Protein chains: 2
Amino acid sequence: MSVVLLIEDDEALGGQVVDQLEAAGFEVVWWRTGRLIDAADYRDIALVILDLMLPGVAGLEILKHLRRDSEVPVLVLSARQDSRDKVLALRLGADDYVTKPFWPEELIERVRARLRRFVMERSSQVRLGGLLIDGAKREVSIEGVCLELTRVEMDLLLALAHRLGDPVSRRWLLTNVLDPEKEATERTLDVHVSRLRKKLGDGSVIETVWGIGYRLRKGAE
Amino acid sequence: MSVVLLIEDDEALGGQVVDQLEAAGFEVVWWRTGRLIDAADYRDIALVILDLMLPGVAGLEILKHLRRDSEVPVLVLSARQDSRDKVLALRLGADDYVTKPFWPEELIERVRARLRRFVMERSSQVRLGGLLIDGAKREVSIEGVCLELTRVEMDLLLALAHRLGDPVSRRWLLTNVLDPEKEATERTLDVHVSRLRKKLGDGSVIETVWGIGYRLRKGAE
DNA sequence: CGAAACCTTAAGGAACCCTGAAGGGGCGGC
DNA sequence: GCCGCCCCTTCAGGGTTCCTTAAGGTTTCG
(Lines give C-alpha, C1' and ligand atoms only; values in the text may rest on other atoms or scores of the structure.)
Protein backbone atom coordinates (compact mmCIF):
# COMPACT_ATOMS: atom_id res chain seq x y z
CA MET A 1 0.00 0.00 0.00
CA SER A 2 3.02 2.17 0.02
CA VAL A 3 4.29 1.41 -3.45
CA VAL A 4 5.76 4.09 -5.66
CA LEU A 5 5.21 3.70 -9.38
CA LEU A 6 7.99 5.14 -11.53
CA ILE A 7 7.27 5.71 -15.21
CA GLU A 8 10.59 6.54 -16.86
CA ASP A 9 12.12 5.32 -20.09
CA ASP A 10 15.69 6.38 -19.53
CA GLU A 11 17.50 3.31 -18.28
CA ALA A 12 20.30 5.05 -16.40
CA LEU A 13 18.21 7.69 -14.71
CA GLY A 14 15.46 5.24 -13.88
CA GLY A 15 17.85 2.81 -12.26
CA GLN A 16 19.39 5.53 -10.19
CA VAL A 17 16.04 6.77 -8.97
CA VAL A 18 14.91 3.25 -8.13
CA ASP A 19 18.07 2.66 -6.12
CA GLN A 20 17.61 5.85 -4.19
CA LEU A 21 13.96 5.20 -3.50
CA GLU A 22 14.62 1.68 -2.31
CA ALA A 23 17.49 2.85 -0.17
CA ALA A 24 15.02 5.25 1.39
CA GLY A 25 12.71 2.36 2.19
CA PHE A 26 10.10 2.64 -0.50
CA GLU A 27 8.81 -0.19 -2.57
CA VAL A 28 9.15 0.69 -6.24
CA VAL A 29 7.55 -0.53 -9.44
CA TRP A 30 9.29 0.65 -12.57
CA TRP A 31 7.61 0.90 -15.93
CA ARG A 32 9.99 1.63 -18.81
CA THR A 33 7.17 2.60 -21.11
CA GLY A 34 4.18 4.79 -20.76
CA ARG A 35 0.84 3.07 -20.88
CA LEU A 36 -2.50 3.91 -19.52
CA ILE A 37 -3.18 2.71 -16.04
CA ASP A 38 -6.26 0.76 -15.13
CA ALA A 39 -8.17 1.36 -11.98
CA ALA A 40 -7.20 -2.11 -10.84
CA ASP A 41 -3.53 -1.28 -11.12
CA TYR A 42 -3.27 1.67 -8.85
CA ARG A 43 -5.17 0.27 -5.96
CA ASP A 44 -1.90 -0.32 -4.14
CA ILE A 45 -0.02 2.67 -5.42
CA ALA A 46 0.66 5.52 -3.06
CA LEU A 47 2.41 7.82 -5.48
CA VAL A 48 3.32 8.03 -9.15
CA ILE A 49 6.50 9.58 -10.52
CA LEU A 50 5.87 10.36 -14.15
CA ASP A 51 8.38 11.39 -16.77
CA LEU A 52 6.69 13.61 -19.31
CA MET A 53 9.11 12.81 -22.12
CA LEU A 54 8.09 9.32 -23.07
CA PRO A 55 7.95 7.41 -26.32
CA GLY A 56 4.51 6.09 -27.11
CA VAL A 57 1.73 7.49 -25.01
CA ALA A 58 2.43 11.08 -24.13
CA GLY A 59 3.06 11.80 -20.49
CA LEU A 60 0.31 14.33 -20.24
CA GLU A 61 -2.17 11.79 -21.58
CA ILE A 62 -1.28 9.39 -18.82
CA LEU A 63 -1.69 12.12 -16.27
CA LYS A 64 -5.07 13.09 -17.60
CA HIS A 65 -6.24 9.50 -17.69
CA LEU A 66 -4.98 8.94 -14.19
CA ARG A 67 -6.80 11.92 -12.82
CA ARG A 68 -10.07 10.84 -14.31
CA ASP A 69 -10.61 8.23 -11.68
CA SER A 70 -7.97 8.45 -9.01
CA GLU A 71 -6.67 10.73 -6.34
CA VAL A 72 -3.20 9.28 -6.22
CA PRO A 73 -0.52 11.98 -5.95
CA VAL A 74 1.53 12.47 -9.10
CA LEU A 75 5.00 13.91 -9.22
CA VAL A 76 6.02 14.99 -12.69
CA LEU A 77 9.55 14.92 -14.10
CA SER A 78 10.50 16.92 -17.13
CA ALA A 79 13.58 18.05 -18.98
CA ARG A 80 11.88 21.15 -20.25
CA GLN A 81 12.52 24.28 -18.34
CA ASP A 82 9.64 25.66 -20.29
CA SER A 83 6.84 26.58 -17.99
CA ARG A 84 4.04 25.73 -20.36
CA ASP A 85 4.37 22.05 -19.60
CA LYS A 86 4.51 22.80 -15.95
CA VAL A 87 1.42 24.92 -15.87
CA LEU A 88 -0.37 22.34 -17.94
CA ALA A 89 0.74 19.51 -15.73
CA LEU A 90 -0.25 21.26 -12.56
CA ARG A 91 -3.58 22.19 -14.02
CA LEU A 92 -4.15 18.57 -14.97
CA GLY A 93 -3.68 17.62 -11.37
CA ALA A 94 0.01 16.97 -10.86
CA ASP A 95 0.99 17.56 -7.27
CA ASP A 96 4.58 18.46 -7.83
CA TYR A 97 6.99 19.17 -10.65
CA VAL A 98 10.71 18.56 -10.87
CA THR A 99 12.86 19.66 -13.77
CA LYS A 100 15.91 17.70 -14.88
CA PRO A 101 18.61 17.69 -13.94
CA PHE A 102 17.82 17.20 -10.31
CA TRP A 103 19.58 15.78 -7.33
CA PRO A 104 18.23 12.37 -6.43
CA GLU A 105 18.11 13.49 -2.84
CA GLU A 106 15.79 16.27 -3.78
CA LEU A 107 13.42 13.86 -5.47
CA ILE A 108 13.47 11.53 -2.50
CA GLU A 109 12.68 14.38 -0.18
CA ARG A 110 9.71 15.37 -2.24
CA VAL A 111 8.43 11.83 -2.40
CA ARG A 112 8.78 11.50 1.32
CA ALA A 113 6.98 14.76 1.93
CA ARG A 114 4.16 13.75 -0.37
CA LEU A 115 3.71 10.38 1.22
CA ARG A 116 3.83 11.73 4.71
CA ARG A 117 1.14 14.18 3.96
CA PHE A 118 -0.65 12.01 1.46
CA VAL A 119 -3.35 11.53 3.98
CA MET A 120 -4.15 15.12 4.69
CA GLU A 121 -3.59 16.74 1.32
CA ARG A 122 -6.97 16.36 -0.19
CA SER A 123 -9.50 16.37 2.60
CA SER A 124 -9.06 19.64 4.32
CA GLN A 125 -11.97 19.62 6.74
CA VAL A 126 -14.13 16.95 8.31
CA ARG A 127 -16.86 17.60 10.83
CA LEU A 128 -18.28 14.91 13.10
CA GLY A 129 -20.78 16.26 15.54
CA GLY A 130 -18.87 18.69 17.71
CA LEU A 131 -15.55 17.44 16.39
CA LEU A 132 -13.83 19.49 13.69
CA ILE A 133 -10.75 18.13 11.94
CA ASP A 134 -8.78 20.54 9.79
CA GLY A 135 -6.14 18.72 7.78
CA ALA A 136 -4.62 21.78 6.17
CA LYS A 137 -3.98 23.61 9.41
CA ARG A 138 -3.42 20.41 11.37
CA GLU A 139 -5.87 21.58 13.98
CA VAL A 140 -8.54 19.61 15.77
CA SER A 141 -11.21 21.20 17.90
CA ILE A 142 -14.06 19.79 19.87
CA GLU A 143 -16.98 22.09 20.53
CA GLY A 144 -14.73 24.92 19.42
CA VAL A 145 -11.98 24.13 21.91
CA CYS A 146 -8.64 23.35 20.31
CA LEU A 147 -7.07 20.01 21.21
CA GLU A 148 -3.37 19.50 21.85
CA LEU A 149 -2.37 16.54 19.72
CA THR A 150 1.13 15.25 19.17
CA ARG A 151 2.44 14.65 15.68
CA VAL A 152 1.66 10.96 15.61
CA GLU A 153 -1.78 11.42 17.08
CA MET A 154 -2.52 14.07 14.49
CA ASP A 155 -1.34 11.94 11.57
CA LEU A 156 -3.30 9.03 12.90
CA LEU A 157 -6.51 10.99 13.12
CA LEU A 158 -6.00 12.53 9.69
CA ALA A 159 -5.42 9.11 8.19
CA LEU A 160 -8.71 7.91 9.60
CA ALA A 161 -10.51 11.08 8.60
CA HIS A 162 -9.29 10.72 5.08
CA ARG A 163 -10.98 7.34 4.73
CA LEU A 164 -13.96 8.49 6.74
CA GLY A 165 -16.35 5.62 7.36
CA ASP A 166 -14.00 3.01 5.92
CA PRO A 167 -11.60 0.92 7.93
CA VAL A 168 -7.87 1.63 7.70
CA SER A 169 -5.64 -1.36 8.27
CA ARG A 170 -3.21 -1.53 11.13
CA ARG A 171 -0.55 -2.49 8.62
CA TRP A 172 -1.04 0.75 6.70
CA LEU A 173 -1.08 2.87 9.81
CA LEU A 174 2.09 1.24 11.04
CA THR A 175 4.08 1.99 7.92
CA ASN A 176 2.54 5.32 7.04
CA VAL A 177 1.78 7.06 10.27
CA LEU A 178 4.57 5.84 12.46
CA ASP A 179 8.13 6.42 11.35
CA PRO A 180 8.47 4.21 8.26
CA GLU A 181 12.14 3.59 9.02
CA LYS A 182 11.57 2.35 12.50
CA GLU A 183 9.39 -0.70 11.79
CA ALA A 184 7.56 -0.17 15.03
CA THR A 185 5.62 -2.73 17.01
CA GLU A 186 1.89 -3.26 16.83
CA ARG A 187 1.67 -2.36 20.48
CA THR A 188 2.97 1.11 19.73
CA LEU A 189 -0.01 1.74 17.56
CA ASP A 190 -2.31 0.51 20.31
CA VAL A 191 -0.89 3.08 22.64
CA HIS A 192 -1.32 5.95 20.26
CA VAL A 193 -4.88 4.97 19.49
CA SER A 194 -5.58 4.70 23.17
CA ARG A 195 -4.26 8.14 23.94
CA LEU A 196 -6.01 9.66 20.98
CA ARG A 197 -9.31 8.18 22.13
CA LYS A 198 -8.80 9.60 25.57
CA LYS A 199 -8.16 13.06 24.20
CA LEU A 200 -11.16 12.87 21.90
CA GLY A 201 -13.39 12.16 24.85
CA ASP A 202 -16.23 9.75 25.45
CA GLY A 203 -17.84 10.06 22.02
CA SER A 204 -15.57 7.21 20.94
CA VAL A 205 -15.44 8.26 17.33
CA ILE A 206 -12.72 5.71 16.63
CA GLU A 207 -14.10 2.23 16.22
CA THR A 208 -12.07 -0.94 16.24
CA VAL A 209 -12.59 -3.21 13.25
CA TRP A 210 -11.57 -6.49 14.68
CA GLY A 211 -8.79 -8.23 12.76
CA ILE A 212 -8.47 -5.32 10.34
CA GLY A 213 -7.79 -1.97 11.87
CA TYR A 214 -9.70 1.15 12.79
CA ARG A 215 -12.47 3.30 11.39
CA LEU A 216 -13.78 6.78 12.04
CA ARG A 217 -17.52 6.59 12.63
CA LYS A 218 -19.36 8.55 10.02
CA GLY A 219 -22.90 8.22 11.35
CA ALA A 220 -22.67 11.33 13.44
CA GLU A 221 -23.45 11.65 17.09
CA MET B 1 2.90 47.21 -6.05
CA SER B 2 4.14 43.69 -6.10
CA VAL B 3 6.40 43.79 -9.13
CA VAL B 4 9.75 42.05 -9.12
CA LEU B 5 12.53 43.57 -11.20
CA LEU B 6 15.02 41.06 -12.57
CA ILE B 7 18.34 42.37 -13.88
CA GLU B 8 20.02 39.47 -15.65
CA ASP B 9 21.83 39.29 -18.98
CA ASP B 10 21.89 35.53 -19.45
CA GLU B 11 18.98 34.75 -21.72
CA ALA B 12 18.39 31.14 -20.66
CA LEU B 13 18.72 31.66 -16.95
CA GLY B 14 16.67 34.82 -17.03
CA GLY B 15 13.85 33.17 -18.89
CA GLN B 16 13.77 30.32 -16.47
CA VAL B 17 13.66 32.59 -13.47
CA VAL B 18 10.91 34.69 -15.02
CA ASP B 19 8.88 31.56 -15.69
CA GLN B 20 9.27 30.39 -12.15
CA LEU B 21 8.41 33.73 -10.67
CA GLU B 22 5.34 34.11 -12.80
CA ALA B 23 4.26 30.60 -11.99
CA ALA B 24 4.54 31.61 -8.37
CA GLY B 25 2.20 34.49 -9.01
CA PHE B 26 4.58 37.44 -9.17
CA GLU B 27 4.60 40.12 -11.77
CA VAL B 28 8.05 40.39 -13.32
CA VAL B 29 9.94 43.04 -15.24
CA TRP B 30 13.11 41.78 -16.88
CA TRP B 31 16.01 43.99 -17.85
CA ARG B 32 18.68 42.27 -19.93
CA THR B 33 21.19 44.97 -19.25
CA GLY B 34 22.32 46.78 -16.21
CA ARG B 35 21.52 50.43 -16.04
CA LEU B 36 21.04 52.82 -13.25
CA ILE B 37 17.60 53.06 -11.86
CA ASP B 38 15.80 56.33 -11.39
CA ALA B 39 13.70 57.04 -8.42
CA ALA B 40 10.70 57.18 -10.70
CA ASP B 41 11.32 53.64 -11.88
CA TYR B 42 11.22 51.79 -8.66
CA ARG B 43 8.11 53.33 -7.27
CA ASP B 44 6.18 50.16 -8.07
CA ILE B 45 8.95 47.71 -7.49
CA ALA B 46 8.73 45.50 -4.44
CA LEU B 47 12.00 43.67 -4.91
CA VAL B 48 15.05 43.63 -7.17
CA ILE B 49 16.93 40.52 -8.21
CA LEU B 50 20.34 41.64 -9.40
CA ASP B 51 22.97 39.62 -11.20
CA LEU B 52 26.38 40.93 -10.28
CA MET B 53 28.08 39.73 -13.46
CA LEU B 54 26.77 42.15 -16.00
CA PRO B 55 28.26 43.78 -19.06
CA GLY B 56 28.20 47.52 -18.93
CA VAL B 57 27.45 49.01 -15.59
CA ALA B 58 28.87 46.86 -12.86
CA GLY B 59 26.39 45.15 -10.61
CA LEU B 60 27.82 46.63 -7.48
CA GLU B 61 27.44 50.09 -8.94
CA ILE B 62 23.77 49.52 -9.51
CA LEU B 63 23.39 48.30 -6.01
CA LYS B 64 25.16 51.29 -4.56
CA HIS B 65 23.11 53.67 -6.63
CA LEU B 66 19.94 51.90 -5.65
CA ARG B 67 20.68 52.11 -1.99
CA ARG B 68 21.35 55.79 -2.12
CA ASP B 69 17.72 56.65 -2.34
CA SER B 70 15.63 53.58 -1.85
CA GLU B 71 14.84 50.93 0.68
CA VAL B 72 13.71 48.35 -1.83
CA PRO B 73 14.99 44.88 -0.94
CA VAL B 74 17.72 43.59 -3.24
CA LEU B 75 18.56 39.97 -3.80
CA VAL B 76 21.95 39.47 -5.37
CA LEU B 77 22.88 36.64 -7.75
CA SER B 78 26.46 35.75 -8.41
CA ALA B 79 28.51 32.98 -9.92
CA ARG B 80 31.40 33.60 -7.61
CA GLN B 81 31.66 31.44 -4.59
CA ASP B 82 34.19 33.93 -3.45
CA SER B 83 33.07 35.62 -0.32
CA ARG B 84 34.57 39.00 -1.08
CA ASP B 85 31.77 39.92 -3.41
CA LYS B 86 29.29 38.66 -0.94
CA VAL B 87 30.62 40.68 1.92
CA LEU B 88 30.79 43.72 -0.29
CA ALA B 89 27.28 43.25 -1.59
CA LEU B 90 25.80 42.74 1.82
CA ARG B 91 27.62 45.73 3.16
CA LEU B 92 26.31 47.82 0.31
CA GLY B 93 22.82 46.93 1.37
CA ALA B 94 21.88 43.72 -0.40
CA ASP B 95 19.30 41.82 1.57
CA ASP B 96 20.17 38.36 0.36
CA TYR B 97 22.75 36.58 -1.71
CA VAL B 98 22.43 33.50 -3.88
CA THR B 99 25.34 31.83 -5.64
CA LYS B 100 24.93 30.09 -8.98
CA PRO B 101 24.09 27.45 -9.70
CA PHE B 102 20.91 27.47 -7.68
CA TRP B 103 17.62 25.67 -7.79
CA PRO B 104 14.89 27.97 -9.05
CA GLU B 105 12.68 26.85 -6.19
CA GLU B 106 15.24 28.13 -3.77
CA LEU B 107 15.23 31.53 -5.38
CA ILE B 108 11.45 31.66 -5.38
CA GLU B 109 11.36 30.80 -1.72
CA ARG B 110 13.74 33.58 -0.91
CA VAL B 111 11.79 36.06 -2.97
CA ARG B 112 8.63 35.00 -1.27
CA ALA B 113 10.26 35.33 2.10
CA ARG B 114 11.57 38.80 1.31
CA LEU B 115 8.27 40.01 -0.01
CA ARG B 116 6.44 38.69 2.97
CA ARG B 117 8.67 40.66 5.21
CA PHE B 118 8.46 43.69 2.95
CA VAL B 119 4.70 43.60 2.96
CA MET B 120 4.59 43.13 6.64
CA GLU B 121 6.85 46.04 7.31
CA ARG B 122 4.33 48.23 5.61
CA SER B 123 1.26 46.73 7.19
CA SER B 124 2.00 48.63 10.23
CA GLN B 125 0.70 47.50 13.56
CA VAL B 126 -0.24 44.53 15.62
CA ARG B 127 -1.64 44.92 19.10
CA LEU B 128 -1.72 42.15 21.67
CA GLY B 129 -3.03 43.33 24.99
CA GLY B 130 -0.53 45.90 26.22
CA LEU B 131 1.97 44.90 23.57
CA LEU B 132 2.20 47.04 20.46
CA ILE B 133 4.29 45.90 17.49
CA ASP B 134 4.94 48.46 14.78
CA GLY B 135 6.49 46.81 11.74
CA ALA B 136 6.95 49.99 9.75
CA LYS B 137 8.83 51.83 12.45
CA ARG B 138 10.42 48.68 13.83
CA GLU B 139 9.30 49.69 17.27
CA VAL B 140 7.84 47.57 20.00
CA SER B 141 6.26 48.98 23.11
CA ILE B 142 4.64 47.40 26.09
CA GLU B 143 2.12 49.48 28.00
CA GLY B 144 3.47 52.47 26.09
CA VAL B 145 7.07 51.88 27.14
CA CYS B 146 9.41 51.34 24.23
CA LEU B 147 11.49 48.17 24.27
CA GLU B 148 15.13 47.95 23.23
CA LEU B 149 15.31 45.05 20.80
CA THR B 150 18.32 43.99 18.76
CA ARG B 151 18.01 43.44 15.03
CA VAL B 152 17.56 39.69 15.28
CA GLU B 153 15.06 39.96 18.09
CA MET B 154 13.07 42.48 16.11
CA ASP B 155 13.04 40.39 12.93
CA LEU B 156 12.05 37.38 14.94
CA LEU B 157 9.14 39.13 16.54
CA LEU B 158 8.02 40.66 13.26
CA ALA B 159 8.14 37.28 11.56
CA LEU B 160 5.90 35.83 14.23
CA ALA B 161 3.61 38.84 14.21
CA HIS B 162 3.19 38.52 10.50
CA ARG B 163 1.80 35.01 10.88
CA LEU B 164 -0.10 35.94 13.98
CA GLY B 165 -1.76 32.90 15.48
CA ASP B 166 -0.06 30.41 13.15
CA PRO B 167 3.15 28.58 13.89
CA VAL B 168 6.34 29.61 12.09
CA SER B 169 8.81 26.79 11.61
CA ARG B 170 12.25 26.84 13.15
CA ARG B 171 13.64 26.07 9.71
CA TRP B 172 12.10 29.20 8.25
CA LEU B 173 13.24 31.37 11.09
CA LEU B 174 16.76 30.00 10.83
CA THR B 175 17.16 30.85 7.17
CA ASN B 176 15.16 34.04 7.11
CA VAL B 177 15.72 35.75 10.40
CA LEU B 178 19.25 34.69 11.16
CA ASP B 179 21.98 35.26 8.62
CA PRO B 180 20.99 32.97 5.73
CA GLU B 181 24.61 32.31 4.80
CA LYS B 182 25.78 31.38 8.21
CA GLU B 183 23.78 28.19 8.54
CA ALA B 184 23.45 28.89 12.19
CA THR B 185 22.78 26.30 14.82
CA GLU B 186 19.34 25.57 16.14
CA ARG B 187 20.59 26.53 19.55
CA THR B 188 21.21 30.04 18.36
CA LEU B 189 17.57 30.44 17.62
CA ASP B 190 16.75 29.11 21.07
CA VAL B 191 18.83 31.80 22.62
CA HIS B 192 17.25 34.60 20.68
CA VAL B 193 13.80 33.35 21.51
CA SER B 194 14.77 33.08 25.11
CA ARG B 195 16.03 36.62 25.31
CA LEU B 196 13.07 37.98 23.40
CA ARG B 197 10.73 36.28 25.82
CA LYS B 198 12.55 37.76 28.73
CA LYS B 199 12.28 41.25 27.29
CA LEU B 200 8.61 40.78 26.52
CA GLY B 201 7.95 39.94 30.12
CA ASP B 202 5.83 37.33 31.80
CA GLY B 203 2.88 37.52 29.42
CA SER B 204 4.60 34.74 27.45
CA VAL B 205 3.14 35.79 24.12
CA ILE B 206 5.48 33.43 22.28
CA GLU B 207 4.37 29.84 22.43
CA THR B 208 6.52 26.96 21.33
CA VAL B 209 4.92 24.46 19.02
CA TRP B 210 6.72 21.27 19.76
CA GLY B 211 8.60 19.78 16.82
CA ILE B 212 7.53 22.67 14.59
CA GLY B 213 8.51 26.10 15.74
CA TYR B 214 6.93 29.07 17.47
CA ARG B 215 3.69 30.98 17.42
CA LEU B 216 2.46 34.34 18.65
CA ARG B 217 -0.60 33.83 20.77
CA LYS B 218 -3.54 35.56 19.20
CA GLY B 219 -6.00 34.97 22.00
CA ALA B 220 -5.63 38.42 23.50
CA GLU B 221 -4.98 39.52 27.09
C1' DC C 1 -12.69 -22.14 27.36
C1' DG C 2 -8.36 -21.02 25.04
C1' DA C 3 -5.91 -18.36 21.80
C1' DA C 4 -5.38 -14.38 19.41
C1' DA C 5 -6.29 -9.62 19.05
C1' DC C 6 -6.75 -5.53 21.42
C1' DC C 7 -6.70 -1.98 25.54
C1' DT C 8 -4.55 0.51 29.24
C1' DT C 9 -1.16 2.13 32.50
C1' DA C 10 3.44 2.98 33.79
C1' DA C 11 8.22 3.54 33.01
C1' DG C 12 12.39 4.16 30.30
C1' DG C 13 14.82 6.70 26.76
C1' DA C 14 15.16 9.71 22.85
C1' DA C 15 14.26 14.03 20.76
C1' DC C 16 13.53 18.56 21.53
C1' DC C 17 13.88 22.87 23.93
C1' DC C 18 15.42 26.49 27.63
C1' DT C 19 18.80 29.43 29.70
C1' DG C 20 22.94 31.23 31.96
C1' DA C 21 27.63 31.99 30.91
C1' DA C 22 31.46 32.44 27.99
C1' DG C 23 33.67 33.24 23.35
C1' DG C 24 34.40 36.28 19.30
C1' DG C 25 33.55 39.93 15.65
C1' DG C 26 32.21 44.65 14.26
C1' DC C 27 32.19 49.45 15.24
C1' DG C 28 32.83 53.89 17.45
C1' DG C 29 35.75 56.67 20.68
C1' DC C 30 40.05 57.85 22.11
C1' DG D 1 45.76 51.36 16.36
C1' DC D 2 43.87 49.83 20.86
C1' DC D 3 40.07 49.46 23.96
C1' DG D 4 35.44 48.84 25.30
C1' DC D 5 30.77 47.99 24.21
C1' DC D 6 27.13 45.70 22.06
C1' DC D 7 25.46 42.01 19.76
C1' DC D 8 25.48 37.39 17.76
C1' DT D 9 26.85 32.87 18.46
C1' DT D 10 28.34 28.69 20.84
C1' DC D 11 28.69 25.70 24.81
C1' DA D 12 27.03 23.00 28.53
C1' DG D 13 23.63 21.47 31.82
C1' DG D 14 19.28 20.51 32.80
C1' DG D 15 14.36 20.50 31.78
C1' DT D 16 10.21 19.11 29.19
C1' DT D 17 7.60 16.58 25.86
C1' DC D 18 7.01 12.78 23.15
C1' DC D 19 7.59 7.97 21.35
C1' DT D 20 8.25 3.41 22.43
C1' DT D 21 8.50 -0.81 25.15
C1' DA D 22 6.92 -3.79 28.68
C1' DA D 23 3.44 -6.07 31.32
C1' DG D 24 -0.93 -7.40 32.70
C1' DG D 25 -5.87 -6.95 31.85
C1' DT D 26 -10.02 -7.26 28.68
C1' DT D 27 -12.57 -8.47 24.59
C1' DT D 28 -13.55 -11.33 20.50
C1' DC D 29 -13.96 -15.46 17.99
C1' DG D 30 -13.83 -20.43 17.05
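Our subject is the structure that appears above.
Notes on the structure in this doc start here.

Quick look at the overall build of chain A
Regarding its fold elements, chain A presents seven helices and twelve strands. For chain A, with 221 residues in total, the buried portion stands at 47%. For chain A, the proportion of contacts with a sequence separation of at least 24, taken over those separated by at least 6, is 55%. Working note: accessible area of chain A is about 11,500 Å², and carbon and sulfur atoms make up 50% of it.

Some points on the packing of helix 5 (residues 151-162) of chain B against helix 7 (residues 186-200) of chain B
Two packed helices can be described by the angle between their axes and the distance between those axes. Residues and elements named next belong to chain B. Packing of helix 5 against helix 7 brings their axes to within 10 Å, and their N-to-C directions diverge by 85°. With respect to helix 7, the axis of helix 5 lies roughly perpendicular. For the pair helix 5 and helix 7, contact is made by Val152, Glu153, Leu156 and Leu157 and by Leu189, His192, Val193, Arg195, Leu196, Lys199 and Leu200, respectively. Per-class residue counts for the contact of helix 5 with helix 7 are seven nonpolar, one polar and three charged.

Description of the environment of Leu66 of chain A
Residues and elements named next belong to chain A. For Leu66, the location among the structural elements is in helix 2 (residues 59-68). When its relative accessible area of 2% is taken as the criterion, Leu66 is described as buried. Residues Leu66 and Val48, 18 residues apart in the sequence, show an inter-C-alpha distance of 9.7 Å.

Quick look at the protein's contact with DNA strand D
What surrounds DNA strand D is a group of 20 residues, the closest being Thr150 and Thr185 of chain A together with Thr150, Thr188 and Arg195 of chain B. Across the atoms of DNA strand D situated within 4 Å of the protein, the share located in sugar and phosphate is 67%. Between DNA strand D and the protein, one listed contact pairs a phosphate oxygen with a side-chain N or O atom of Thr185 of chain B at 2.9 Å. Note that a phosphate oxygen of DNA strand D is positioned 3.1 Å from one of the side-chain N or O atoms of His192 of chain B. Contributions of two or more residues to the surface near DNA strand D are made by helix 5 (151-162) and helix 7 (186-200) of chain A together with helix 5 and helix 7 of chain B. Of the residues that constitute the surface near DNA strand D, the class distribution is eight nonpolar, eight polar and four charged.

Conventions adopted
Residues numbered from 1 in each chain as written. Chains lettered and ligands numbered in written order. Predicted model: local features only at pLDDT ≥ 70, side-chain atom pairs only at ≥ 80, totals over all residues. Heavy atoms only, no water. Helix = DSSP H or I, 4+ residues; strand = E, 2+ residues; numbered from the N terminus. Buried < 20%, exposed > 50% of the residue type's maximum accessible area, 1.4 Å probe, protein only. Contact = heavy atoms within 4.5 Å. Areas by Shrake-Rupley, 256 points an atom, 1.4 Å probe, with all protein chains shown as cover. Axes fitted to C-alpha atoms, helices over the stretch in contact; angles between N-to-C directions. Parallel < 35°, antiparallel > 145°, perpendicular 65-115°, else oblique. Nonpolar A, V, L, I, M, F, W, Y, C, P; charged D, E, K, R; others polar. Near = heavy atom within 4 Å. Polar contact = N/O pair within 3.5 Å; in protein donor to acceptor, adjacent residues only side chain to side chain.

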